[in-house]
Amino acid sequence: MQLHDYMKYLDLAFCMAMIPPFQWNGRPTERNKNEKARKTLFVIGLILLAYLNVGFLIYWILNGRKASNTQDYVAGISEMAGSLMLSTVATCNALVITINRPQFEEVLANLEEIHPKSRDKHYRCQHYCRLATGIMKCEGIYYTIFVIYFNMAPLVGMLFEYLMDKENFSYRLQLNIWFPWNIQDSVLVYSLTYLSLCYTSCISVAFTMITQNIICIFTFQFKLHIDGLADQLITLDSRHAEAHRKLRKLIEYHYQILKLGEKMNKTLNISFLVSLVFTTIAICMTSVAVLHLDLGSAFQFVNGLIAFISYNFIICYLGSEVTDEMQLEDFIRYPVLVCRVPQLPRIEWNGRRLRVNRNLVKRFIFWFGAINLLYHNIGGIMYGYFVDSSAIDPIDYVAEMTENKQLSYRIQSNSWYPWKIEASLPGFFAAIVCQAGSAQANMCVIIFTQYLITFFVVQLQIQFDGLAKRIEAIDARDPTAKDQLKSLIKCHNRLLNLADSVNQSFNFTFLLILLASISSLCFLGFSIIVMDLGTALKQTMGLLIFLLYNFSLSQDGTDLIFVSEKVLSAAFYNNWYEGDLAYRKMLLILMIRASKPYVWRTYKLAPVSIDTYVNTLKLSYQMFTCVRSLK
């Protein structure tokens, strides 16, 4: 992977902004076609972008401040402020990119010089390139949708107005902005004004994308080099004769990386300041405008509000990626959030930073949900025995007024309770609360289990991947190679034992998921085709939950299989042929142990993998067709 591979989406943004992409020593040069025409369009775009700031103010002075009531006045000034902040941020980004272009190209040239070679084993070039391009791709898709919606909204409104009243309709623009001509007098004048705003919005979004893509590229380049530097420091053997010289080079390398970071920060200082101040004002004023405008305008401003929030979030997220040091507790953030809803006991271990004591209220919430969840299984069975099949089906709560003014009391699911529900408000609400508690506990336990399994899989992936890199990086000619390999063999053995412990802990969970998925997919599918529409929609949601839940766990097992295979390939591509006989025998033992990929199994029977998931779907479908034939 080369530095040039990061530039795909950044170059597309440059093309959208009508300016040539960044060039530096080492990048393949591309012929800039229609350079004069692009420069002319770029200058026109900057002039129109700068005019927006003036046009918003003039429009509000001539129209907005003359509002007859307080609500219209607040809506007008909020709309003007939100639009003004949007154009100001875009103008600032355009000026920063244009004025500081030499500085950006100089930083990129320095990154090209220190970019790792493809054979360097200490760097995860493909991993970070894939992450960076993935984020930039998502940004590009979102901003493309934003521009299309922003420019199409007034045309759709005019079309709707024309269909409702074929005689008269008003010419609407994307924004409330003043022009020194009247756009209502001529279709041609309106069309030219509309197209100019379309082009200005494209330029504005293009420079926003360029700013974010530059930050994204540098962020992941910084992480790439810091990660590679840390790996080199870990593998540095202080007993080696050249260790002092290698350490000096690594210190110089670290200083160079930090210097590039400071230079990039200084270049983007204005963009960071504008993003912090103006987006805060814009989010505030746009939110106020959404509350006071009509539905169509409010919906349009909601889109702008989301754009501001996502723009600020991406910049802050990328900054956090540079500064944050991942701890084990950071991987379990979302399981902790899920635990807070039903007040499940939090997982604790030695070394965890914060400990939480559960008070009496939290314990009551937990036991209330747990007891109701346990009873729900019993009540569902008892419902089938004690409730008449001809009775009204209590599927979900719907209050319907009939001709004789009677209510039908319906709860979330079929379950028997030892008190009266029909024609009794206290009994009905008691059943609703109990089922709500059990449903909350049920869903949170399912999500928590899924998150916890994913957490362990990710941790095992990190360990297997790191082990493979360290095995491949061993130099068989080094006198300490046997000692390094011996410690890695012990690490591999410990890693397999840890994975076995996790498998044993989740054996019962895997078995329940396997059996429940086979039966539930069959009977939920059958209930969908024989019940009424409301019940069928509800059962469809349950069916989708089972499908996604089972697929997620199966995918986690498959990921673990694939990452465990890296150990064998790493041992094979090691320069074992340059080591002595004892080293090769030790490596052979490791290769024999790693020849079979590690697989999680359900009580040593069915593997947890996508293949098992597909077989589960096949068996469920066979049961479904069998049950349907008995209909």
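These numbers come from a predicted model, not from an experiment.

Some details on the overall build of the protein
Step number 1: Secondary structure summary: the protein contains 18 helices and two strands in total.
Step number 2: Put simply, the protein has 631 residues, and 42% of those count as buried.
Step number 3: Sequence separation of 24 or more characterises 72% of the internal contacts of the protein that already satisfy a separation of 6 or more.
Step number 4: Working note: accessible area of the protein is about 35,900 Å², and carbon and sulfur atoms make up 64% of it.

Some remarks on unusual backbone geometry
Step number 1: One non-glycine residue with positive phi stands out, namely Met18, at about 65°.
Step number 2: Note that Met18 resides in the loop between helix H1 (8-16) and helix H2 (35-62).

Regarding the side chain of Thr219
Step number 1: Examined against the element boundaries, Thr219 turns out to sit in helix H6 (residues 187-235).
Step number 2: Among the residues examined, Thr219 registers a relative accessible area of 2% and is labelled buried.
Step number 3: A polar side-chain atom of Thr219 sits 2.6 Å from the main-chain carbonyl oxygen of Ile215.

Some words on the pattern of salt bridges
Step number 1: Enumeration over the complete set of coordinates arrives at seven salt bridges.
Step number 2: Across the pair Arg477 and Glu578 runs a salt bridge whose closest N-O atoms are separated by 3.4 Å. Separated by 101 residues along the polypeptide, Arg477 in the loop between helix H12 (425-473) and helix H13 (481-505) and Glu578 in the loop between helix H16 (566-573) and helix H17 (581-593) bring together distant segments of the chain.
Step number 3: A relative accessible area of 56% means that Arg477 is categorised as exposed.
Step number 4: Accessibility expressed as a relative area gives 35% for Glu578, which makes it partly exposed.
Step number 5: Notably, a salt bridge pairs Lys482 with Asp580, separated by 3.0 Å at the nearest N-O pair.

Points about H1
Step number 1: Residues Tyr9, Leu10, Asp11, Ala13 and Phe14 constitute the buried set of H1.
Step number 2: Among the residues trailing H1, Met18 stands out with phi positive, at a value near 65°.

Structural notes on the side chain of Glu139
Step number 1: Among the structural elements, Glu139 can be located in helix H5 (residues 125-164).
Step number 2: Lys137 is the oppositely charged side chain nearest to the buried, salt-bridge-free Glu139, at an N-O distance of 13 Å.
Step number 3: The residues touching Glu139, leaving out its near neighbours within four places in the chain, are Gln212, Asn213 and Ile314.

A look at the packing of H16 against H17
Step number 1: Two numbers describe how H16 lies on H17: the axes approach to 9 Å, and their chain directions differ by 155°. Between H16 and H17, the crossing angle belongs to the class labelled roughly antiparallel. Crossing geometry of H16 relative to H17 is assigned as left-handed. Contact residues: H16 offers Val567, Leu568, Ala571 and Phe572, while H17 offers Leu587, Leu590 and Met591.
Step number 2: When the residues that make up the contact of H16 with H17 are grouped by side-chain class, the tally is seven nonpolar, no polar and no charged.

So, helix H18 (residues 610-629)
Step number 1: When the terminal C-alpha atoms of H18 are compared, their 29 Å separation across 20 residues agrees well with the 28 Å that a helix rising 1.5 Å per residue should span.
Step number 2: Of the positions making up H18, those classed as buried are Thr612, Tyr613, Thr616, Ser620 and Phe624. Burial along H18 is one-sided: seen end-on, the buried residues are contained in an arc of 115°. Projecting away from the buried face of H18 at angles above 90 degrees are the exposed residues Asp611, Lys618, Tyr621, Gln622 and Ser629.

A few points about the environment of Thr612
Step number 1: On the secondary structure map, Thr612 appears in helix H18.
Step number 2: If we skip the residues at most four places from it in the chain, Thr612 touches Leu514, Ala606 and Pro607.

Topic: the confidence of the model for the protein
Step number 1: Across the protein, the average pLDDT comes to 77, with 77% of residues at or above 70.
Step number 2: In the model of the protein, helix H11 (residues 360-386) stands out as the element of lowest mean pLDDT, 64, in contrast to H13, which has the highest, 89.
Step number 3: When the criterion is pLDDT under 50, residues 387-412 qualifies, and its contacts beyond four places in sequence or with other chains add up to 56 contacts.

As for the packing of helix H4 (residues 101-114) against H6
Step number 1: The interhelical angle for the contact between H4 and H6, taken along N-to-C directions, is 30°, at an axis separation of 12 Å. In terms of axis orientation, H4 runs roughly parallel to H6. Here H4 runs over H6; the crossing is left-handed. Residues Phe104, Val107, Leu111 and Ile114 of H4 pack against Ile214, Phe218, Gln221 and His225 of H6.
Step number 2: Of the residues in the contact of H4 with H6, the class split is six nonpolar, two polar and no charged.

Things to note about the packing of aromatic side chains
Step number 1: As enumerated under the stated definition, the model contains 15 aromatic pairs in all.
Step number 2: For the ring pair Phe510 and Trp600, a centre distance of 5.8 Å and an interplane angle of 40° mean the geometry is tilted. Taken together, the positions of Phe510 in helix H14 (residues 507-530) and Trp600 in the loop between H17 and strand S1 (601-602) put the pair 90 residues apart, joining distant regions of the chain.
Step number 3: You can call Trp600 buried: its relative accessible area is 1%.
Step number 4: Ring centres of Trp576 and Tyr577 lie 5.8 Å apart, and the angle between their planes is 75°; on these two criteria the pair is classed as edge-to-face.
Step number 5: Joined through ring pairs, the aromatic side chains of Phe455, Phe456, Phe506, Phe510 and Trp600 make up one cluster.

Some words on the nonpolar core
Step number 1: One finds Phe207 and Ile210 to be the most contacted residues of the largest nonpolar core, which totals 81 residues.
Step number 2: If you tally residues by element for this core, the top one is H6, at 19 residues.
Step number 3: Apart from residues lying up to four places away in sequence, Ile210 is in contact with Leu10, Ala13, Phe14, Ala17, Ile19 and Ile97.
Step number 4: Phe448, Ile453, Phe455 and Ile471 belong to the second-largest nonpolar core, a separate cluster that totals 39 residues.

What about the environment of Gly261?
Step number 1: Following the sequence through the fold, Gly261 ends up in helix H7 (residues 243-267).
Step number 2: Between the C-alpha atoms of Gly261 and Val107, which are 154 residues apart in sequence, the distance is 9.1 Å.

A few points about the environment of Lys117
Step number 1: Relative to the helices and strands, Lys117 is located in the loop between H4 and H5.
Step number 2: Remark: the alpha-carbon pair of Lys117 and Gln2, spanning 115 residues in sequence, is separated by 8.2 Å.

Criteria and thresholds
Residues numbered from 1 in each chain as written. Predicted model: local features only at pLDDT ≥ 70, side-chain atom pairs only at ≥ 80, totals over all residues. Heavy atoms only, no water. Helix = DSSP H or I, 4+ residues; strand = E, 2+ residues; numbered from the N terminus. Buried < 20%, exposed > 50% of the residue type's maximum accessible area, 1.4 Å probe, protein only. Contact = heavy atoms within 4.5 Å. Areas by Shrake-Rupley, 256 points an atom, 1.4 Å probe, with all protein chains shown as cover. Polar contact = N/O pair within 3.5 Å; in protein donor to acceptor, adjacent residues only side chain to side chain. Salt bridge = Lys/Arg side-chain N within 4 Å of Asp/Glu carboxyl O. Lys, Arg positive; Asp, Glu negative; His and termini not counted. Axes fitted to C-alpha atoms, helices over the stretch in contact; angles between N-to-C directions. Parallel < 35°, antiparallel > 145°, perpendicular 65-115°, else oblique. Left-handed = near helix turned anticlockwise from the far one by under 90°. Nonpolar A, V, L, I, M, F, W, Y, C, P; charged D, E, K, R; others polar. Expected span 1.5 Å × (residues − 1). Arc of directions from axis to C-beta. pLDDT = per-residue confidence, 0-100. Phe/Tyr/Trp six-rings, centres within 6.5 Å; stacked < 30°, edge-to-face > 60°. Core = buried A, V, L, I, M, F, W, Y, C linked by side-chain atoms within 4.5 Å.

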